[in-house]
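# Report on the structure
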Amino acid sequence: MGCWYSRLISGEEMVSRCKARKRYMKQFVKARHSFAAAHCLYLRSLRTTGAALLQFASAESSLHHHLRPRDTPVRVPPFHNPPPAMSPTSWTTTSTTTSSVVHPPPPPPPMSSSSAWDFWDPFMPASRSVDEEDWEETTINSDVAATVTAAARSVAAPPSVVTATATSSSSELAVVVSTKSKDLVEIIKELNDYFVHAANAGGPLSSLLEVPTGQLSHQESSGKDDGNVKSLSPLLWTWGSSSAKWNAFGKFCDDSGGNNIGRGNDGIATHCSTVERLYAWEVKLYQEVKNAEYLKLEHEKKVAILRKVEMKSADYFKTEKAKKDVEKLESQMMVASQAIEATSTEIIKLRESELYPQLLELVKGLTCMWRSMYEFHQVQTHIVQQLKYLSSIPSSSPTSEIHRQSTLQLELKAQQWHLSFCNLMKAQRDYVQSLTGWLRLSLFQVGNNPLHKMKQDSAVYSLCEEWQLAINNAPDRVASEGIKSFLTVIHAIVVQQTEEQKQKKRSDLAFKDLEKKASELRSLESKYGPYTIPVCSNETSKNPVREKRVKVETSRVKAEDEKAKHEKSVSVTRAMTMNNLQMGLPHVFQAMTGFANVCTQAFESIHNQAKSNHDLHNVKMILP
């Protein structure tokens, strides 16, 4: 009987709807955890990629004894905020067997300006004028003033230092970047500094997402970095204390008597606690609706029995018992209905007073983060342009084992950067999709009467719909391919270094074989003399010294040939390394700059629209 009722109840519309709501909220709880984890790992990947690139450049410079910059400067056109509109595009990467360098395709025709996700071609060269000045000037928004002003204090510093001066007409800063007297390490060091700045730009959002910074610091200090979101223990993403528990009404309480469980230091509910409490209420609501449906079916059954008893004119006691059973169920149904109403009210209250403001803060945080990353990545784009002004005399220094390991480390960190970026975008999509799905169902009453729709409901749903549309249309594939192109050129260097190492082994073996044969020749010459004549004058008689001398000469030719191949392989490695850095690095930061620009515009539009709707709602409430 119980199983039959369970199957029947689960098929009811209201129960099915509440079950779906609970499922969406459960997904949302997990998605919030994954979003926070992916966010923190992406920021860490920025730091580790910059550090690995600097280590790689230091090792490479130690082999390039004659690597020095040319004195030809270039003036980079200034960039301003807000960034210009862009048109969507994509690119492909190709590599040759000789240099394995990424080559950009011809630019596509311009896209329609009506697109909500205008994007620019990151491989389109910017127009620039070349003159005899030793400085190139760019401007950035005041949001990055704090990070650049520190460099501006060093007024007497040499031209190889990034400096900045404030303009008198606006709050912008003129970033002065010298193209003179900088070597590879100095350029990459500046690049690494802005990797750190970009990672720091995600700090405020980390606070909103409640990223466990303590665990990050421990992992970074211990050197453990597997690039896997799942490596972070789920226990690290829980909130509150171990003594915190849910009470029977879905309220969060603390056995120790604390009153601020799930709230920040300022007493405001955290996003994690709000999401967890919403899930608890959804579980409670689902159970209450199932119970209400069960009572409804029992009531219908008892009413049918009462009518049957009354039609048969049964005795008084049977009739009264049937009536009391019906009245008891009606009383229970009323209590169940009130419980459902109370739970629904709590969910609405949490959604309006806590969740919606938190979502607004998250969108605002995303706007600020991507705006800062846009500015920092654009500075990086200008910094790596200086690589083209490095000239080098072909070096004969072979790749050391330390440098080979630093190259492998850079490849690993670039892979983790690519993976963490893809995971970040997926986690955010899952986060918004599960939230939007829950909102779509939760805006309807769990009963026979439609819910009186709150004015705030449409605002939160509109916000999430716009957010979902934005993240689904985001050109993250363009940025992903940009990072992958960088990974491709680094992998080409790894392959060439491996080939150089193999050629060195072949050369060493050839000289080892030469030394062995030369030693054998010396032994024969010691035994027979250097010019031994056969005892028999027969022309077919063998001369062991002469035959060994021929073999030694053959081995010497082979050894010299293998040595020449190794020297050529070393030159190819050195030339390819610089060429790939010069050609590959600009593509990465152009792609990331474009993506960050698009995200900035999209999230800023979402936040402004939501804020406008909120202000309009407040005005309507004030007006009579």
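Residues numbered from 1 in each chain as written. Predicted model: local features only at pLDDT ≥ 70, side-chain atom pairs only at ≥ 80, totals over all residues. Heavy atoms only, no water.

## Here we look at the overall build of the chain
A count of helical and extended segments in the chain gives 12 helices and 7 strands. Counting over 624 residues, the chain shows a buried share of 47%. Sequence-distant contacts in the chain: of pairs separated by 6 or more residues, those separated by 24 or more amount to 86%. Total accessible area computed for the chain in this model is approximately 31800 Å², and 56% of it derives from carbon and sulfur atoms. (Helix = DSSP H or I, 4+ residues; strand = E, 2+ residues; numbered from the N terminus. Buried < 20%, exposed > 50% of the residue type's maximum accessible area, 1.4 Å probe, protein only. Contact = heavy atoms within 4.5 Å. Areas by Shrake-Rupley, 256 points an atom, 1.4 Å probe, with all protein chains shown as cover.)

## Observations concerning the packing of helix 2 (residues 13-63) against helix 8 (residues 316-385)
At a closest axis distance of 15 Å, the pairing of helix 2 and helix 8 adopts a crossing angle of 25°. Between helix 2 and helix 8, the angle is such that the two are roughly parallel. The two elements helix 2 and helix 8 meet at a crossing, and its hand is left-handed. Only Ile347, Leu355, Met369 and Met373 of helix 8 make contact with helix 2, whose side of the interface consists of Arg21, Phe28, His39, Tyr42, Leu43 and Leu46. The residue inventory of the contact of helix 2 with helix 8, partitioned by class, reads 8 nonpolar, 1 polar and 1 charged. (Axes fitted to C-alpha atoms, helices over the stretch in contact; angles between N-to-C directions. Parallel < 35°, antiparallel > 145°, perpendicular 65-115°, else oblique. Left-handed = near helix turned anticlockwise from the far one by under 90°. Nonpolar A, V, L, I, M, F, W, Y, C, P; charged D, E, K, R; others polar.)

## Describing the environment of Thr399
Note that Thr399 resides in the loop between strand 7 (390-391) and helix 9 (401-442). The spatial distance from the C-alpha of Thr399 to the C-alpha of Arg574 is 8.4 Å, given a sequence separation of 175 residues. Not counting the four nearest positions on each side in its chain, Thr399 is found in contact with Leu63, Arg404, Gln497, Glu500, Thr573 and Arg574.

## Section: the pattern of salt bridges
With the rule as written, the count across this model stands at 20 salt bridges. In this structure, Asp476 and Arg429 form a salt bridge, with 2.6 Å as the shortest nitrogen-oxygen distance. One end of the pair, Asp476, is in helix 11 (residues 476-528); the other, Arg429, is in helix 9, and 47 residues separate them in sequence. Relative accessible area serves as the criterion here: at 16%, Asp476 is assigned to the buried category. Classification of Arg429 as buried rests on a relative accessible area of 18%. Where Asp513 meets Lys517, a salt bridge forms, and the shortest distance between an N and an O atom there is 2.9 Å. Taken together, the residues span about one helical turn, with Asp513 and Lys517 both in helix 11 at a distance of 4 residues. (Salt bridge = Lys/Arg side-chain N within 4 Å of Asp/Glu carboxyl O.)

## Comments concerning the side chain of Thr407
Looking at the element boundaries, Thr407 is found in helix 9. The exposure class of Thr407 is buried, given its relative accessible area of 0%. In terms of polar contacts, Thr407 uses its side chain to reach the side chain of Gln497, at 3.0 Å. Discounting residues that sit within four places of it in the chain, Thr407 has contacts with Phe56, Ile490, Ile493, Val494 and Gln497. (Polar contact = N/O pair within 3.5 Å; in protein donor to acceptor, adjacent residues only side chain to side chain.)

## Side note on the confidence of the model for the chain
Mean pLDDT for the chain: 74, with 64% of residues reaching 70 or above. Predicted confidence for residues 214-261 stays below pLDDT 50, and this span has 74 contacts to residues more than four positions away or in other chains. (pLDDT = per-residue confidence, 0-100.)

## Some remarks on the packing of aromatic side chains
Inspection of every chain in the model, using the stated rule, returns 10 aromatic pairs. Measuring from centroid to centroid gives 5.6 Å for Phe195 and Trp417, while their planes differ by 80°, and the two rings are edge-to-face. Taken together, the positions of Phe195 in helix 4 (residues 184-200) and Trp417 in helix 9 put the pair 222 residues apart, joining distant regions of the chain. An identical accessibility class is assigned to Phe195 and Trp417; each is buried. With centroids separated by 5.7 Å and ring planes inclined at 55°, the aromatic side chains of Tyr431 and Trp467 adopt a geometry described as tilted. Taken together, the positions of Tyr431 in helix 9 and Trp467 in helix 10 (residues 455-473) put the pair 36 residues apart, joining distant regions of the chain. (Phe/Tyr/Trp six-rings, centres within 6.5 Å; stacked < 30°, edge-to-face > 60°.)

## Points about helix 11
Its 53 residues give helix 11 an end-to-end C-alpha distance of 77 Å, which sits within 8% of 78 Å, the value for a rise of 1.5 Å per residue. Phi turns positive, to about 95°, at Gly529, one or two residues after helix 11. (Expected span 1.5 Å × (residues − 1).)

## Some remarks on the environment of Leu285
Mapped onto the secondary structure, Leu285 falls in helix 7 (residues 271-311). Measuring from C-alpha to C-alpha, the distance between Leu285 and Ala342 comes to 9.5 Å, with 57 residues separating the pair along the chain.

## Concerning the nonpolar core
When a protein is soluble and globular, its nonpolar side chains tend to lie buried together. By size, the foremost hydrophobic cluster in this structure holds 103 residues, and its most contacted members are Leu359, Met373, Trp467, Phe486 and Leu585. Those residues in contact with Leu359 that lie beyond four places of it in its chain are His271, Tyr431, Leu435, Val460, Leu463, Cys464 and Trp467. If you look at the next biggest cluster of nonpolar residues, it comprises 6 residues, including Ala510, Leu521, Val545 and Val552. (Core = buried A, V, L, I, M, F, W, Y, C linked by side-chain atoms within 4.5 Å.)

## Some thoughts on helix 4
Look at helix 4: 24 Å from first C-alpha to last across 17 residues, which is about the 24 Å you get at 1.5 Å a residue. With a side-chain oxygen lying 3.3 Å from the backbone nitrogen of Val185, the N-terminal cap of helix 4 falls on Asp183.

## A closer look at the environment of Ser58
Relative to the assigned elements, Ser58 resides in helix 2. Placed 127 residues apart in sequence, Ser58 and Val185 show a C-alpha to C-alpha distance of 5.7 Å.

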